[in-house]
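Each chain, written out:
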Amino acid sequence: MIKVSIPDICQPEIKYTIDCLLGAFLGLNYEISVQAGQKNVVFNVGKKKITIKNYFFHFNNTKILYNQNTIPITTNSGVISTDSQFHKITSLFGTSSLTKEGDSFLLEADIISSTFFMLARWEEQINSVRDKHNRFPGSASLAHKEGFLERPIVNEYIELLWSLLKSIGCQQIRKERNFKIVPTHDVDVPYLWWGKKEKYKYFLSRAYRCQTKEFFNNLKLGFDNKDPYDTYDKFMNLSEKAGVKSNFFFMTGGNSRYDNFYSINHPRVIKLIQHIRNRGHNIGLHPSYNSYNSLVLLRQEKETLEKIINDKIFIGRQHYLRFEAPTTWRLWEELGMEWDSTLSYADYCGYRCGVCYPFPVYDFLGRKQLNLIERPLILMEGSIINYEKLSPTEGIEKVVKLKKLTKKYSGEFIFLWHNSAFNNEQFMGYEDMLNAMYR
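To start, this report covers the structure provided alongside it. (Residues numbered from 1 in each chain as written. Predicted model: local features only at pLDDT ≥ 70, side-chain atom pairs only at ≥ 80, totals over all residues. Heavy atoms only, no water.)

Applying the stated criterion across every chain, the model contains 23 aromatic pairs. Note on Tyr-66 and Phe-364: the rings are 5.5 Å apart at their centroids and 70° apart in plane angle, and the pair reads as edge-to-face. Taken together, the residues Tyr-66 in the loop between helix 2 (62-65) and strand 5 (76-82) and Phe-364 in the loop between strand 14 (359-363) and strand 15 (368-374) connect sequence positions 298 residues apart. Considered together, Tyr-66 and Phe-364 belong to a single accessibility category, that of buried residues. Between the aromatic rings of Phe-249 and Trp-339, the centroid separation amounts to 6.2 Å while the plane-to-plane angle is 70°, which identifies the pairing as edge-to-face. Remark: Trp-339 occurs in strand 13 (residues 339-340) and Phe-249 occurs in strand 10 (residues 247-250); sequence separation between them is 90 residues. Here the two residues Phe-249 and Trp-339 agree in accessibility, since each one is buried. (Phe/Tyr/Trp six-rings, centres within 6.5 Å; stacked < 30°, edge-to-face > 60°. Helix = DSSP H or I, 4+ residues; strand = E, 2+ residues; numbered from the N terminus. Buried < 20%, exposed > 50% of the residue type's maximum accessible area, 1.4 Å probe, protein only.)

Shown next as structure tokens:
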């Protein structure tokens, strides 16, 4: 049994982080006790121990704990050696230093505070930078500024802690994990045209605006019997070949110019949803643009989709990746949702939460763990093509890199590819990038 003693200050936050590291991530047996006046976090196995220096959790007052001055300005990187294993560590609090005294260790890299910083996302409430959609952008994040957004640094902390625990005699078997590919598809616009009239109207308008080369591209597009947005079977075929299930997230409402591109009650949409379910794939909710901080909208849209499928909805992702910490998580919890997969940045791919494992979310203002699970999104096709503006070759390299890292830790490679992402020239040539997701 691992016995963990923690300070009597910031108990909820420290306990949550220990529960994630030892419980949710490593799957170990442990006991937590609170020690009055203790400053650091101590892991004990028998008489041997690991002391992790506490550089952040010193105040129970959240206004003092979370402010602009407590967001790390710089980080400390280094390599820590444990029993002939080398761990590349970027410490957000403290230094990347490990000293051994007899059979015990003192870790100056505060991986407890650093893990909490990445998982709880309190940085996003304190930093007021927002893009035109009122989203916290990846460009403003510490992870991007310090160059570790494309590294799952929490996974690196997990491996370091596991190695140290074994060094002090832990003989437990950690949770077994298998690498998973998790395809997700936000259905913003299910079809490009809804009948022959709309089809040829679209073709004529495109042909009118195009030069010669584009004209012939659109000639094929316009007279092809296949709607270019009707890519559902393509996705399901790829998923079934890879032995996984696709997750399709549908919209049911909205009151902005970014919504209302279809009615969930349209016979073609209902037939499509039934077709997806008949093939054994998953249906989830894609809440509208303004729903991320509105319980009323979220409830209405969830109940509408549940009536359509005559079943409960427990999964989904916010439209435009709009998210407000911890408000959006609170609302999803209120509605009994099981997991969300919103947490990636629109402008940059990578590990927004620093981890490629599902984890229980934390309400840092309410100071409590929620039942909701976050399954972090790692890569969206729009981020690569529209924001990072990578070529198809560069896009494939990015996919391979992030997928390889996720596989290294037996994590979940969750990607988003919209059904409507093949309709124009800017997406031509990127199909190989999609295929690379599944390889």
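The next point concerns helix 6 (residues 153-167). With 15 residues, helix 6 ought to run about 21 Å at 1.5 Å a step, and its terminal C-alpha atoms sit 21 Å apart, in line with that. Among the 15 residues of helix 6, 13 are classified as buried, and the element is accordingly described as predominantly covered. A positive backbone phi angle near 105° is found at Gly-169, which sits one or two residues after helix 6. (Expected span 1.5 Å × (residues − 1).)

The next point concerns unusual backbone geometry. Residue Pro-326 is reached from Ala-325 by a cis peptide bond, and omega for that bond is -10°. Here Pro-326 lies in the loop between strand 12 (315-316) and helix 12 (327-334). Even without glycine at this site, Asn-134 takes up a positive phi of about 60°. Examined against the element boundaries, Asn-134 turns out to sit in the loop between helix 4 (123-126) and helix 5 (142-145). Residue classification places Asn-134 among the partly exposed positions, given a relative accessible area of 35%. Its identity is not glycine, yet Asn-260 carries a phi of approximately 60°, on the positive side. Mapped onto the elements of the fold, Asn-260 is located in the loop between strand 10 and helix 10 (267-278).

On to the pattern of salt bridges, then. Inspection of the entire model under this criterion finds 20 salt bridges. We note a salt bridge from Glu-124 to Arg-121, for which the minimum N-O separation is 2.8 Å. Of the two residues, Glu-124 and Arg-121, neither departs from the other in class, the shared state being buried. One salt bridge connects Arg-330 with Asp-363, and the closest N-O pair in it is separated by 2.6 Å. One end of the pair, Arg-330, is in helix 12; the other, Asp-363, is in strand 14, with 33 residues separating them in the sequence. For Arg-330, a relative accessible area of 36% corresponds to the partly exposed category. One salt-bridge network, in which partners are shared between bridges, spans Arg-121, Glu-123, Glu-124 and Arg-352. (Salt bridge = Lys/Arg side-chain N within 4 Å of Asp/Glu carboxyl O.)

On to the sheet that holds strand 4 (residues 48-52). The sheet built from six strands is open, its strands ordered 2-1-3-4-8-7 with mixed pairing. On the outer flanks of this sheet lie strand 2 (30-35) and strand 7 (94-101), each paired with one strand and no other. Across this sheet, the average inter-strand angle for adjacent strands is 15°, counted without regard to direction. (Pairing = 2+ DSSP bridges. Axes fitted to C-alpha atoms, helices over the stretch in contact; angles between N-to-C directions.)

Glancing now at helix 15 (residues 431-438). Within the sequence span of helix 15, burial applies to Met-433, Leu-434, Ala-436, Met-437 and Tyr-438. The secondary structure elements touched by the buried residues of helix 15 are strand 9 (180-187), helix 9 (232-242), strand 16 (379-380), helix 13 (381-387), helix 14 (392-408) and strand 17 (412-416). (Contact = heavy atoms within 4.5 Å.)

With that settled, consider the pairing of strand 2. Here is the key point about a regular strand: its side chains alternate between the two faces of the sheet. Where strand 1 (residues 2-7) and strand 2 come together, six bridges link them in parallel fashion. Paired with Val-4 across the two strands is Ile-32, which belongs to strand 2. With helix 1 (residues 11-25) bridging strand 1 and its parallel neighbour strand 2, the resulting β-α-β unit is right-handed. (Right-handed = clockwise from strand over helix to strand, strands pointing away.)

Our next topic: the state of the cysteines. Considering all chains together, one arrives at zero disulfides under this definition. The thiol sulfur of Cys-10 is not disulfide-bonded, and the nearest other cysteine sulfur, from Cys-20, lies at 16 Å. With a relative accessible area of 0%, Cys-10 lands in the buried category. There is no disulfide at Cys-20, and the cysteine sulfur nearest it, in Cys-353, is 11 Å away. (Disulfide = S-S within 2.5 Å.)

Moving on, we come to the environment of Asp-8. Along the polypeptide, Asp-8 turns up in the loop between strand 1 and helix 1. Measuring from C-alpha to C-alpha, the distance between Asp-8 and Ile-414 comes to 37 Å, with 406 residues separating the pair along the chain.

For the rest of this paragraph, the subject is the side chain of Asn-54. Mapping Asn-54 onto the fold places it in the loop between strand 4 and helix 2. With a relative accessible area of 8%, Asn-54 lands in the buried category. Of note is the side chain of Asn-54, whose polar atom sits 3.1 Å from the backbone oxygen of Lys-39. Setting aside chain neighbours within four positions, we find Asn-54 in contact with Pro-7, Lys-39, Asn-40, Asp-110 and Ser-113. (Polar contact = N/O pair within 3.5 Å; in protein donor to acceptor, adjacent residues only side chain to side chain.)

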